[in-house]
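Chain and residue survey
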Amino acid sequence: MAKINDNYLKLPGAYLFSTVARKASEFTEAHPEMEIIKMSIGDVTKPLAPAVIEAMHKAVDEMGTAEGFHGYGPEQGYDFLRNSIVEHDYKSRGIDIATDEIFVSDGAKSDCGNIGDIFSQDNKVAVCDPVYPVYVDTNAMAGRAGDFVGEHWSNLYYMPCLAENDFLPRIPTEKVDIIYLCFPNNPTGMTATREQLKPWIEYAKANGAVILYDSAYEAFITEDDVPHSIYEIDGAKEVAIEFRSFSKTAGFTGTRCAYTVVPHDLKIDGTELNSLWNRHQCTKFNGVPYVIQKAAEAVYSEDGQKQTKEAIKYYLENAKIIREALTEAGLTVYGGVNAPYIWAKAPNGMKSWEFFDKILEETGVVTTPGAGFGPSGEGYVRLTAFSTKENTVKAMEKIKSMLK
Ligand code: MLT
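Attention in this report is confined to the structure presented alongside it. (Residues numbered from 1 in each chain as written. Predicted model: local features only at pLDDT ≥ 70, side-chain atom pairs only at ≥ 80, totals over all residues. Heavy atoms only, no water.)

Focus on the overall build of the protein chain
We apply this condition: Only DSSP runs of H or I with at least four residues qualify as helices, and only runs of E with at least two residues qualify as strands; both kinds are numbered from the N terminus onward. C-alpha atoms define the radius of gyration, and 2.2 Å times the number of residues to the power 0.38 defines the globule rule. Burial here depends on accessible area, computed with a 1.4 Å probe over protein chains only, as a share of the maximum for the residue type. Under 20% is buried, over 50% is exposed, and the range in between is partly exposed. Note on definitions: a residue-residue contact is assigned when non-hydrogen atoms from the two residues lie within 4.5 Å. Methods summary: accessible areas were calculated by the Shrake-Rupley approach with a probe of 1.4 Å, and residue burial reflects only the protein chains presented. Charge assignment in this entry is limited to Lys and Arg as positive and Asp and Glu as negative, and neither His nor the chain termini are counted. One atom stands in for each charge, and that atom is NZ of Lys, CZ of Arg, CG of Asp or CD of Glu.
Regarding its fold elements, the protein chain presents twelve helices and 17 strands. Taken over C-alpha atoms, the radius of gyration comes to 21 Å for the protein chain, in line with the 22 Å a tight globule of 404 residues would show. Viewed in the frame of its principal axes, the protein chain has a C-alpha envelope of about 60 × 55 × 50 Å. Split into buried and exposed, the 404 residues of the protein chain put 55% on the buried side. The long-range fraction of contacts in the protein chain, counting pairs at least 24 apart against all pairs at least 6 apart in sequence, stands at 73%. With the model as given, the accessible surface of the protein chain reaches about 17600 Å², and the carbon-plus-sulfur share is 50%. If the 40 positive side-chain charges of the protein chain are averaged to one point and the 57 negative ones to another, these points end up 3 Å apart.

Laid out in structure tokens, this is it:
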């Protein structure tokens, strides 16, 4: 008889954003008269940049010709895109990354989830709390998280990120093997400076640990002392894998394109993780479509850079509107300066889901309850800056009058 992977049965409830989406649609059905404004999942609203669309059209036309047709592409991505990534995202910042250290994929979410395949089950995994749920759930699916007891997975090492610590995790006080870090952070919108990241590299080196560094939101960084890449820190190539995405940087949430960097210097017992990840991708993945990779390449063109940076500026202005409105309404807010997320403390000791329900029922604005990101997220909600400016302003007016 076939047996299921019963680690799946240990997972509590549904995936966070599916639960939020279900609640929002149940509310819409029950209150068709009410306008719903979504500030929950971090999904962009601005259309793709004209330079990206032009490149995509051209690639589609090429695909209709015998000479320009592309079937299976390289599993690691086409060199035209990998070389552009190396040039613009790394060389321009003085970081030496080779083309074959870049693996183009269909999303940072999939890569963050799949990367666990190349690690043994008996690694001790450290996660921030609150945390992007994919890191936790995928380790639970792999049987690496233990059992869900109370609010915690018994075998994960939680690193609470609290207001008193500027939402920075503390270096583990016990030995861990794999450490997930995400800066600018999802969900708190807070970040770490170069100086603050140095001890993590030292810890990883001293303990033979690997850092899984999610920098999907680096395009939103506005402050100079915040690194765009973990490889800006000396020695990081020996201990870290980095995840990047075109989703939030260039509006590719529906188009799907991302990449993961696995440096050759990163070895465990002499084995390069680069060759394991290459083997993984060749076996389980057939590459991102040519048309999409051409679109992603256009992000790095002069027009593409100008246009995508304008979109980032637009979302950061929304973030400012949210920060200012919620502060004016008397809430304590964090994030939103180097990130598209705003982390707001619920008033009067309210719990996350309670505040989520109150906002939804009284204003029609959908947020994400902080508790869904982990026990230390309790008492917070997360709002995203990815709405239109018009809806952001409207939502903030509604929340302000609700809190009056
Ligand atoms: C989020 O809202 O946290 C993100 O959009 C989720 C994701 O990128 O998968």
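Comments concerning the side chain of Ser105
Keep this limit in mind: We define a polar contact as two N or O atoms separated by no more than 3.5 Å, with the added condition that, inside protein, one atom must be a possible hydrogen donor and the other a possible acceptor, whereas residues neighbouring each other in sequence contribute only through side-chain atom pairs.
By secondary structure assignment, the location of Ser105 is in strand β2 (residues 102-105). Of the polar contacts made by the side chain of Ser105, one reaches the side chain of Asp111; its length is 2.8 Å. Beyond its immediate chain neighbours, meaning those up to four positions away, Ser105 contacts Asp111, Cys257, Ala258, Tyr259, Gln281, Phe285 and Val288.

Some thoughts on the environment of Ile115
With respect to the helices, strands and loops of the structure, Ile115 is situated in the loop between α4 (108-114) and β3 (125-129). Separated by 20 residues in the primary sequence, Ile115 and Tyr135 place their C-alpha atoms 9.9 Å from one another. When sequence neighbours within four positions are dropped, the list of residues in contact with Ile115 reads Tyr180, Leu212, Ile241, Phe243 and Trp277.

Digging into the packing of aromatic side chains
Any aromatic ring pair is given by two values, namely how distant the centres are and how the planes are angled relative to each other. The line we're drawing: Under the pairing criterion, centres of Phe, Tyr and Trp rings, with the six-membered ring standing for Trp, must be within 6.5 Å; the plane angle then separates stacked pairs below 30 degrees from edge-to-face pairs above 60, leaving the rest tilted.
According to the stated counting rule, one finds 25 aromatic pairs in the structure shown. Taken together, a centroid distance of 5.9 Å and an interplanar angle of 80° make the contact between Phe167 and Tyr380 edge-to-face. Within this pair, whereas Phe167 is found in the loop between β6 (156-160) and β7 (178-182), its partner Tyr380 is found in strand β17 (residues 380-384), the two being separated by 213 residues in sequence. On the accessibility criterion, Phe167 (3% relative accessible area) is buried. Ring centres of Trp343 and Phe373 lie 6.1 Å apart, and the angle between their planes is 70°; on these two criteria the pair is classed as edge-to-face. One end of the pair, Trp343, is in strand β14 (residues 341-345); the other, Phe373, is in the loop between β16 (368-369) and β17, and 30 residues separate them in sequence. Judged by relative accessible area, Phe373 falls into the buried class, the value being 2%. Three or more aromatic residues joined by ring pairs form one cluster here, namely Tyr15, Phe17, Phe167, Tyr334, Trp343, Phe373 and Tyr380.

Some details on the sheet that holds strand β8 (residues 210-214)
Note the threshold: Only strands that DSSP links by at least two bridges are regarded as paired with each other. Orientation is described by lines fitted to C-alpha atoms, with helices fitted over the stretch in contact, and by angles between N-to-C directions that extend from 0 to 180 degrees.
With mixed pairing, seven strands are arranged side by side in an open sheet as β2-β10-β9-β8-β7-β3-β6. The sheet is open, and its two borders are formed by β2 and β6, each paired with just one other strand. Direction aside, neighbouring strands of the sheet carry axes that sit 20° apart on average. Relative to β8, β7 is paired through five bridges, and the arrangement is parallel. Within the sheet, the bridge partner assigned to Leu181 lies in β8 and is Tyr213. The sheet contacts of helix α3 (residues 79-90) involve β2, β9 (240-245) and β10 (258-261), and relative to β2 the element is tilted by about 115°.

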